[in-house]
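So you can see what is in the structure, the chains are spelled out below.
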Amino acid sequence: MSKTLLNNLPSFTKARRRYPSIVQNLKIEVPSIVSAKLSGKFFLIKTFGCQANVRDEESMAGLLSMANMRRTEEEKDASVIIINTCAVREGAEQKIFGQVGNLKGLKTNNKDLIVIVAGCVVQQEESLAKLRKTFPYVDIFMGTNAIHKLLDLIALRITENKKVVDVPSDDADVYENIPVQRIAPHKAFVNITYGCDKFCTYCIVPYTRGKERSRLPADILRECQILVDSGYQEITLVGQNVNAYGIDLKDGTTFSYILEEVAKLGIPRLRFITSHPWNFDDEMIDIIAKYPNIMRKIHLPLQSGSDEILKLMGRRYTVKDYLELVTKLRARMPDISLTTDIIVGFPNETEQQFLETLKVVEKVNYENAYTFIYSPRKGTPAALMEDNVSREEKGERFNKLKALVDSQTEANAALYVGNEYLILVDGYSKKDTSVLSGYTESDRVVHFVGTPDLIGKIVKVKITESRVYSFVGELVNE
Ligand code: 5AD
Ligand code: SF4
């Protein structure tokens, strides 16, 4: 008898397909065996990667708390440990192997511990095979489209006494009514789209998260209304590509529409991540400019400043298009804060093409930029391209870009000093509990002395010192 129950195995061939999705209104029930074995016990979830993974953690936590389990940060206390993985670059994936490897001792000492590996790494055929081989003690491998089945998979593991693998690549629907236990008390992520259809040639996401599918406006607005009613101060609309929202609904619904409808609910702060420069139309700019509760901070991935490389990346815009968009945004909202993602060392990138990227960075002057060395992802078109750029060269380019980005970040941070900003107070500072910490509208962290009753409120703070990636300030009493 097989010791593993293989419900679904990942397949890049299937993951590449695009077909209509269905909205499934789930009715989640806790299997009695899960309640019997796990009620009152603890779970621990370690999440890596983007906001989509963070939001998945909140759903998994919601499901486990339906079974009356509680969260812990201590591995030794946990009865269920979930490693929620990221596959966007090789480095992220390697980290996962380290994390899962570290659990071996715990599992040897506690046979009842249920170890689960979830997220994007398991959605890759080869990585899953390697994980299964290297870590035979993992109880459940579950894919990004199997989150809603978490309790059933745990029940299977217990009743069948077999390992369980459930990683579907062709089952990407929109699942509603999954319970949620939010990580932050005042700030919430709300999914609007899942997956991605852009297929940028370097990117694994369209394979690991599947086809682009939008939630229905009514479902999004219901979730947001509950957040507003329960006193949340900030909502971030989440999608790999938020401004493609609605395309698959095929009824004319757009991102601008949902953005405006959520803004009208009156949440004090509304954000969205991530927007693709290609789908960023004038209507979106109008809506952002019209509603002061939509934060003037936009993450606008550039990826490269060379038209040739952008074309090879499949990004669908030119440098000129990108710079025109930046000009339009700044003309309408001079105080807008822009951040970006940039990849250096895409296959065969020439020195000249790299210098063009530096030029665009100089022109745009980002508040902050996330910079990466290109990492080949098996299954993507770019991974098949021959590459004549050496590791050393890539490293040198990365350092040059990083130096430029750092100098911009530092100079832009210095501009905050002496000015007053509205801060949403998150809680105590990680380093010092006598100090509060919160975020500006541009999403910069500020530490200041204040009383705990301010937590969850929006207050005015004067910035007194820049530490580049954070600020020190003083509460302004009005
Ligand atoms: N190599 C390096 N960086 C990548 N990113 C996505 N795929 C890769 C890759 N294969 C970067 C992009 C994206 C960010 C989330 O990660 O810049 O915007
Ligand atoms: Fe990846 Fe491109 Fe989709 Fe972003 S838009 S998730 S980079 S394929």
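Residues numbered from 1 in each chain as written. Chains lettered and ligands numbered in written order. Predicted model: local features only at pLDDT ≥ 70, side-chain atom pairs only at ≥ 80, totals over all residues. Heavy atoms only, no water.

*Asks:* An account of the packing of aromatic side chains is needed here, citing residue identities and associated values.
*Replies:* All chains considered together, the criterion is met by nine aromatic pairs. Ring geometry for phenylalanine 12 and tyrosine 207: centres 5.4 Å apart, planes at 40°, overall tilted. Here the residue phenylalanine 12 occupies a position in helix H1 (residues 12–16), and tyrosine 207 occupies one in helix H8 (residues 205–208), the gap between them amounting to 195 residues. Take phenylalanine 12: its relative accessible area is 7%, and that puts it in the buried class. Here the aromatic rings of tyrosine 416 and tyrosine 421 are separated by 4.8 Å at their centres, their planes lie at 35°, and the arrangement is tilted. Linked through ring pairs, Phe12, Phe199 and Tyr207 together constitute an aromatic cluster. Its end group placed over the ring of tyrosine 439, lysine 187 keeps NZ or CZ at 3.8 Å from the ring centre. Positioned above the aromatic ring of tyrosine 416 is the side chain of arginine 444, whose terminal nitrogen or guanidinium carbon lies 5.7 Å from the ring centre. (Phe/Tyr/Trp six-rings, centres within 6.5 Å; stacked < 30°, edge-to-face > 60°. Helix = DSSP H or I, 4+ residues; strand = E, 2+ residues; numbered from the N terminus. Buried < 20%, exposed > 50% of the residue type's maximum accessible area, 1.4 Å probe, protein only. Lys NZ or Arg CZ within 6 Å of the ring centre and 35° of its normal.)

*Asks:* So, the site of ligand 1: which residues are in play, and what are the values?
*Replies:* With respect to spatial proximity, the complete set of residues near ligand 1 consists of Val88, Arg89, Tyr202, Gln303, Asp341, Ile343, Phe372, Ile373, Tyr374, Ser375 and Arg377. Contacts to ligand 1 include tyrosine 202, whose backbone N or O atom sits 3.0 Å from a nitrogen atom. For ligand 1, a nitrogen atom lies 2.7 Å from a polar atom in the backbone of serine 375. Here ligand 1 has 400 Å² of accessible area as a free molecule, and 86% of this is covered by the chains. (Near = heavy atom within 4 Å. Polar contact = N/O pair within 3.5 Å; in protein donor to acceptor, adjacent residues only side chain to side chain. Areas by Shrake-Rupley, 256 points an atom, 1.4 Å probe, with all protein chains shown as cover.)

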